[in-house]
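Architecture and fold: a report
Below, each chain spelled out in residue letters.
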Amino acid sequence: MNENEEDFVMAFQDSCDRPTLLLIHGFPLSSQMWTPQLEDLGEYVRVIAPDLRGFGQSDSVPGPYTIAQLADDCADLLGHLNVASPFVVCGLSMGGYIALEFYRRYPELVAGLILVSTRAGADSEEAKANRDKSAELAKNEGATAVSAQMLPKMMAPEFYESDEELVEFVEEIMSAASLNGVVGALAAMRDRIDSTPTLDDIAAPVLIIHGADDQLIPPSEAELMYKAIPDADLVIIPDAGHLPNLEQPDIFNDAVIDFLEELFGEDDEDE
Ligand code: MLT
C-alpha cells in the first residue's frame, strides 16, 4: 500500500478519441458474432463488444438473469473503461431488448441507437411457455440442444443451405454458450417488459436494420418500431435473415457508417 495514496480524480488523455459504438450480441451468441464489424468499423469508431454473462469468454454465472441486469453489465463495462459518453448502442435481437432497456435506464449516455433484427413487444403467453420448454431442453440435453434447434433459423434459407462456412461459424459461436447463460437469458427474455411505450419517447436518432428473410423475427416488427420512433431510419436488407451483419456485412456496415457520419459528422480526410 502506498502511504501517499489518497482519493483524487485523475484527468487523462486517451489517443482513442473517436466516438464509441457498443455492440450487444443476440442469443445464444457472443461478441464473436460482430467479427465483420470489429474488423471494418474501427476506423470510424471505438468498437466495444462485450460477451454477456454466461456467453463467450465471460463467466458462466448462474441465472435467472434479467434484461435490466444485462443492460447494467454493459453500462458498468463502459464506465470501467472510462468511455466518454454519449455513445451509440447497437443490439441484435436479444441485444436489441437490452439496448432498449439501456436507453430507458441511461438515456443521457445514448447518442444513438441501432436496433437490429429485434422487436419492441414482450413475449406472448405462448412464447413464454416456449422459453420454459427450451430451458428444460437445455437442462436435460445440454445448451447445444437449444442452439441446434435454432441454427437453421438463424440465417436466410439460402445461406443455411449453401454457405457452409457461415453455418459452421455461427454454430461454433453458439456452442460456446454455457448452460447457465442459456437458461439465464431465456428467463430474461421471457420476463422482459413491453418496450412499445418507450418507442415514442426516444429522443436519440435510431437506425433500425432487419433482414428481409428473418425467420425468427419478421420485418413487420421493424416497421412497427420505425413508425413509432420519432427520429428513425429503416434499412431492410435483402437476402439476409436474422444475422444481417454476418450475411450481408458490407451492406450492414455501410448503413451503420452512414448513421455514424450523420450523428458525429464525416472525418475530413484532407486534414
Ligand atoms: C436472439 O436472436 O437474440 C433471440 O432469437 C431473440 C428471441 O428469442 O427473442
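The following refers to the structure shown. In this text, all values refer to a predicted model and were calculated from it rather than measured experimentally.

What tends to happen in soluble globular proteins is that the nonpolar side chains get buried as a cluster. Counting residues in hydrophobic clusters, the biggest one holds 88 residues, and the most contacted among them are Phe 27, Phe 102, Ile 114 and Val 170. With 7 residues, the top contributor of residues to this core is helix H3 (residues 94-105).

Our next topic: a negative patch on the surface. Among the surface-exposed residues, Glu 39, Asp 40, Glu 43, Asp 231, Asp 233, Asp 250, Asp 254, Asp 258, Glu 262 and Glu 266 lie close enough to one another that they form a single negatively charged patch. Every element with two or more residues in the negative patch is listed here: helix H1 (35-40) and helix H12 (249-264). Residue contributions to the negative patch peak at 4 residues, all from H12. If you trace the backbone, Asp 250 turns up in helix H12.

What follows concerns the site of the ligand. Around the ligand lies a shell formed by Gly 26, Phe 27, Ser 93, Met 94, Tyr 97, Arg 131, Met 150, Met 189 and His 242. A distance of 2.7 Å separates an oxygen atom of the ligand from a polar backbone atom of Phe 27. Residue Met 94 places a main-chain N or O atom 2.8 Å away from an oxygen atom belonging to the ligand. Out of a free accessible area of 270 Å², the ligand has 92% covered by protein chains. With respect to the pocket detection grid, the ligand is positioned in the largest pocket. A per-class count over the shell around the ligand returns 5 nonpolar, 3 polar and 1 charged.

On to the side chain of His 25. Locating His 25 in the fold gives a position in the loop between strand S1 (20-24) and H1. The class of His 25 is buried, set by a relative accessible area of 0%. Of note is the side chain of His 25, whose polar atom sits 3.0 Å from the backbone nitrogen of Leu 52. Ignoring sequence-local partners within four residues, the contact set of His 25 consists of Ser 30, Ser 31, Met 33, Trp 34, Pro 50, Asp 51, Leu 52, Phe 55, Leu 92, Met 94 and Gly 95.

Quick look at the pairing of S1 now. Counting buried positions along S1 yields 5 of 5 residues, so the element is predominantly enclosed. Burial of S1 is two-sided: the residues Thr 20, Leu 22 and Ile 24 facing one way and the residues Leu 21 and Leu 23 facing the other way are all buried. Both S1 and strand S2 (residues 46-48) contribute to a ladder of 3 bridges, which runs parallel. Of the residues in S2, the one forming a bridge with Leu 22 is Ile 48. Since S1 and S2 lie parallel, the crossover through H1 that links them has a hand, and here it is right-handed. With 4 bridges connecting them, S1 and strand S3 (residues 87-92) associate as parallel partners. Counterpart to Leu 21 in the pairing with S3 is Val 88.

The rules behind the values
- Residues numbered from 1 in each chain as written.
- Predicted model: local features only at pLDDT ≥ 70, side-chain atom pairs only at ≥ 80, totals over all residues.
- Heavy atoms only, no water.
- Core = buried A, V, L, I, M, F, W, Y, C linked by side-chain atoms within 4.5 Å.
- Buried < 20%, exposed > 50% of the residue type's maximum accessible area, 1.4 Å probe, protein only.
- Helix = DSSP H or I, 4+ residues; strand = E, 2+ residues; numbered from the N terminus.
- Patch = residues over 30% accessible without salt bridge, like charges linked within 9 Å, V, L, I, M, F, W, Y side chains within 5 Å.
- Areas by Shrake-Rupley, 256 points an atom, 1.4 Å probe, with all protein chains shown as cover.
- Salt bridge = Lys/Arg side-chain N within 4 Å of Asp/Glu carboxyl O.
- Lys, Arg positive; Asp, Glu negative; His and termini not counted.
- Charge placed at Lys NZ, Arg CZ, Asp CG, Glu CD.
- Near = heavy atom within 4 Å.
- Polar contact = N/O pair within 3.5 Å; in protein donor to acceptor, adjacent residues only side chain to side chain.
- 1 Å grid on protein atoms, 1.4 Å probe; cavity = no way out; pocket = protein on both sides within 12 Å on 5 of 7 lines; lining within 4 Å.
- Sits in = over half its atoms within 2 Å of the grid points.
- Nonpolar A, V, L, I, M, F, W, Y, C, P; charged D, E, K, R; others polar.
- Contact = heavy atoms within 4.5 Å.
- Pairing = 2+ DSSP bridges.
- Right-handed = clockwise from strand over helix to strand, strands pointing away.

Remember that the coordinates give geometry; whether it matters functionally is a separate question.
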